[in-house]
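Listed below are the residues making up each chain.
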Amino acid sequence: MMRRLLHSILIVSAVVGIPLTIATVVLAGFLAVDTVNGHGNPWTPLMVASGPILVIVPVVACISLVIGLPFHFVIRRTRYAGDLSYSLAGGIVGPAVCVLPFLLDGNYEGVWMSPLGLVSGVATGHAWWRSGAS
């Protein structure tokens, strides 16, 4: 069970984190040029480049523990447990988790993150099922 959980967390963190990390590494490159020219803190480019992974891994782990494991225990008792059910649940929960904090705040600008939540949720469900099926 623990191997399955860690496997799905790492897969999803990579799926979501790599595109965001590529974008922040480019930004960190510009900040590094400023640092070399004598402006700014030398740690800032490193913090900017590693920021997405440092944020995404704990968020994915927390959501997997709070939502994913209870869903697994409930769906496991039915005959509907399968790749489709886990992926579909992830596809519903992923965008909801990404967008809900913005909507509760009354800010609709965070809705652009819903495709990222969709991809990460489906990847989580699929990785969870595949790691247990193998």
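What counts and what doesn't
Residues numbered from 1 in each chain as written. Predicted model: local features only at pLDDT ≥ 70, side-chain atom pairs only at ≥ 80, totals over all residues. Heavy atoms only, no water. 1 Å grid on protein atoms, 1.4 Å probe; cavity = no way out; pocket = protein on both sides within 12 Å on 5 of 7 lines; lining within 4 Å. Points joined across faces, edges and corners; volume = space filled by probe spheres on them. Helix = DSSP H or I, 4+ residues; strand = E, 2+ residues; numbered from the N terminus. Axes fitted to C-alpha atoms, helices over the stretch in contact; angles between N-to-C directions. Parallel < 35°, antiparallel > 145°, perpendicular 65-115°, else oblique. Left-handed = near helix turned anticlockwise from the far one by under 90°. Nonpolar A, V, L, I, M, F, W, Y, C, P; charged D, E, K, R; others polar. Phe/Tyr/Trp six-rings, centres within 6.5 Å; stacked < 30°, edge-to-face > 60°. Buried < 20%, exposed > 50% of the residue type's maximum accessible area, 1.4 Å probe, protein only.

Quick look at the layout of surface pockets now. The gaps left among the atoms become clear once a water-sized probe is rolled over them. Approximately 700 Å³ is the volume found for the largest pocket. Considering the residues around the largest pocket, the lining is formed by 34 residues, among which Val60, Ile63, Gly94, Val97 and Ser120 are closest to the centre. If you list the elements that add at least two residues to the lining of the largest pocket, you get α1 (2-36), α2 (44-76), α3 (83-105) and α4 (114-133). In terms of residue count, the dominant contributor to the lining of the largest pocket is α2 (twelve residues).

At a closest axis distance of 7 Å, the pairing of α1 and α2 adopts a crossing angle of 160°. Between α1 and α2, the angle is such that the two are roughly antiparallel. As for how α1 packs across α2, the hand of that crossing is right-handed. Tallied by class, the residues present in the contact of α1 with α2 amount to 21 nonpolar, eight polar and one charged.

Our focus in this paragraph is the packing of aromatic side chains. Applying the stated criterion to the full structure yields two aromatic pairs. Consider the rings of Phe71 and Tyr86, whose centres lie 5.7 Å apart with planes at 85°: the pair is edge-to-face. With Phe71 in helix α2 and Tyr86 in helix α3, this residue pair connects regions lying 15 residues apart in the sequence. Taking the relative accessible area as the measure of exposure, Phe71 reaches 29% and is therefore partly exposed. Residues Tyr86 and Trp129 carry aromatic rings whose centres are separated by 5.8 Å and whose planes lie at 25° to one another, so their mutual orientation is stacked.

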